[in-house]
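Take a look at the letters that make up each chain.
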Amino acid sequence: MTHKYEDPEVRYTYRSSLVDKLREKGELQVGRLRLLMPQSFGFCWGVDRALAMVNDARREHEGRSMWLLNSIIHNPRVNEDMGGMGIQFLKGKQAVPGALQSLSKSDVVIVPAFSAMVEEMEDLKRRDVTVVDTTCPWVIKPHKRAEKYVREGFTTVVHGTVGHDETRATCSLVRSLGGEFVIVHDLDEAEILAKYLEEELDSTELLNGLHPKSVRKNFDPTAHLQRVGVINQTTMLASESRAIAGRLRAALEKRWGKSELNERFRDFDTICQATQDNQDAAMSVVDSNPDLFLVVGGYDSSNTRNLARVGDAAGVPAWHIQGPDCIHKNFLEYRERHTGEIKTQQNWLPQGSISVAFTAGASTPDAILGQVVERVVSVAGESLGKPV
Ligand code: SF4
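## Comments concerning the overall build of the chain
Working step 1: Across its full length, the chain carries 15 helices and 15 strands.
Working step 2: Counting only C-alpha atoms, the chain reaches 65 × 55 × 40 Å along its principal axes.
Working step 3: Within the chain, the proportion of its 388 residues that are buried is 53%.
Working step 4: A separation of at least 24 residues holds for 71% of the contacts in the chain among residues at least 6 apart in sequence.
Working step 5: Surface exposure of the chain reaches about 17,500 Å², of which carbon and sulfur atoms provide 47%.
Working step 6: Distance from the positive charge centre (47 side chains) to the negative charge centre (53 side chains) of the chain: 2 Å.

Set out below in structure tokens:
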């Protein structure tokens, strides 16, 4: 049975025959280049579904003003396309000033796949607009678990990114239920939290070591870190999420003893399947030790950033690029993982026979990945017309 959201219009708008070929074969020799593609990459089910829902809504509400609460997904090209379809933005860089305050019953508002903050949803309800909620079902999973933690008196530790739409939504839910949260971005921040739990750091050292917005105002570590439950933003690096949960479990066991662990610690893996599949497949492809690993996706895309870390971990030169315009013969524009800065790398493409592995984030259309592959082939002085 065809699922309602397997809308061919979505698949085909962003399709690339070159990527289809690489998907089928896994690799392609083009002159001096061996092009490698993992078994899983690119658009996930949740993104396909969100875009299909937008198409459905355009048909259903033709003639009405349509708005996106914020980016539909973290990909600039797809968001530009939304604008091209006449859908305007209420928040973010492309927001129409004052539009949010002027919404009325005749407007249609699309909630992105990452979900929205409780306050935002309440505001839309108050304004009586028609809401098209594309929240991915995988994003609901951490929400449900956080609700359970609040009900059972646990503070929610989110392995996620402060300011990321999904984590903002999760934390607002916790807040609305009267619970507490702590956001840890990576293993380094989890270590600071673990040291506090082991009584090796005091409250001030803990709060100074974390992002200022990782907890809510008036968070009291002494009162609020007696019992903790861990979840993850759905798109984090799965291996790091597991390591963070393990570290926090060990810290609580050290402090309170094994007999109290069940009363003081909970852990639930909320990484989504697409993220896990793309990371596993990327690991397999970098295991073959390519000369380069190009990871394609929006610079603000969490799952794409974490795919680039897979290459780092394997010691393979990994570059997170946004699209074909980043690729030049003598330099490459990329996002530096540690600082988030956009930088350039000279002489990025080695001479001679080389293997180049690719992958793409869950919000990256095949069409963009295909243009990246074509551009690499072109700057390497080869031609796709003559695959060997
Ligand atoms: S990456 Fe995962 S959580 Fe995000 S939209 Fe895709 S399936 Fe849903």
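## Observations regarding the site of the ligand
Working step 1: Near the ligand the following residues occur: Cys 44, Gly 46, Cys 136, Trp 138, Val 139, Thr 234, Thr 235, Cys 272 and Ala 362.
Working step 2: Among the residues making up the shell around the ligand, the classes are represented as six nonpolar, three polar and no charged.

## What to know about the packing of aromatic side chains
Working step 1: For the structure on display, the rule yields three aromatic pairs.
Working step 2: Ring centres of Tyr 149 and Phe 154 lie 6.3 Å apart, and the angle between their planes is 40°; this geometry places the pair in the tilted category.
Working step 3: According to the relative accessible area criterion, Phe 154 is buried, its value standing at 3%.
Working step 4: An angle of 70° between the planes, with centres 4.7 Å apart, marks the rings of Trp 319 and Tyr 334 as edge-to-face. Note that Trp 319 is positioned in strand E12 (residues 318–321) and Tyr 334 in strand E13 (residues 331–335), a separation of 15 residues in sequence.
Working step 5: Given a relative accessible area of 14%, Trp 319 falls into the buried group.
Working step 6: The ring of Phe 268 has Arg 145 sitting right over it, with the charged end atom 3.7 Å from the ring centre.

## Examining the domain arrangement of the chain
Interfaces are often described in size by the accessible area the parts lose on coming together.
Working step 1: When cut into domains, the chain gives domain 1 (8–44 + 273–379), domain 2 (45–135) and domain 3 (138–267).
Working step 2: Placing the centre of domain 2 and that of domain 3 at their C-alpha centroids yields a distance of 31 Å.
Working step 3: The interface of domain 2 with domain 3 comprises eleven residues on the first partner and twelve residues on the second.
Working step 4: Where domain 2 meets domain 3, there are two salt bridges.
Working step 5: A salt bridge links Glu 119 to Arg 175; its shortest N-O distance comes to 3.2 Å.

## Some remarks on the nonpolar core
Working step 1: Core analysis: the largest hydrophobic core is formed by 33 residues, its most contacted members being Leu 35, Ile 321, Trp 348 and Phe 358.
Working step 2: Considering each element in turn, this core owes the most residues, seven residues, to helix H15 (residues 366–379).
Working step 3: With sequence-adjacent residues up to four places away left out, Leu 35 is seen in contact with Leu 22, Gly 26, Glu 27, Leu 28, Val 30, Val 356, Phe 358, Val 373 and Val 377.

Reading the values: the criteria
Residues numbered from 1 in each chain as written. Predicted model: local features only at pLDDT ≥ 70, side-chain atom pairs only at ≥ 80, totals over all residues. Heavy atoms only, no water. Helix = DSSP H or I, 4+ residues; strand = E, 2+ residues; numbered from the N terminus. Buried < 20%, exposed > 50% of the residue type's maximum accessible area, 1.4 Å probe, protein only. Contact = heavy atoms within 4.5 Å. Areas by Shrake-Rupley, 256 points an atom, 1.4 Å probe, with all protein chains shown as cover. Lys, Arg positive; Asp, Glu negative; His and termini not counted. Charge placed at Lys NZ, Arg CZ, Asp CG, Glu CD. Near = heavy atom within 4 Å. Nonpolar A, V, L, I, M, F, W, Y, C, P; charged D, E, K, R; others polar. Phe/Tyr/Trp six-rings, centres within 6.5 Å; stacked < 30°, edge-to-face > 60°. Lys NZ or Arg CZ within 6 Å of the ring centre and 35° of its normal. Domains from an automatic or database assignment. Salt bridge = Lys/Arg side-chain N within 4 Å of Asp/Glu carboxyl O. Core = buried A, V, L, I, M, F, W, Y, C linked by side-chain atoms within 4.5 Å.

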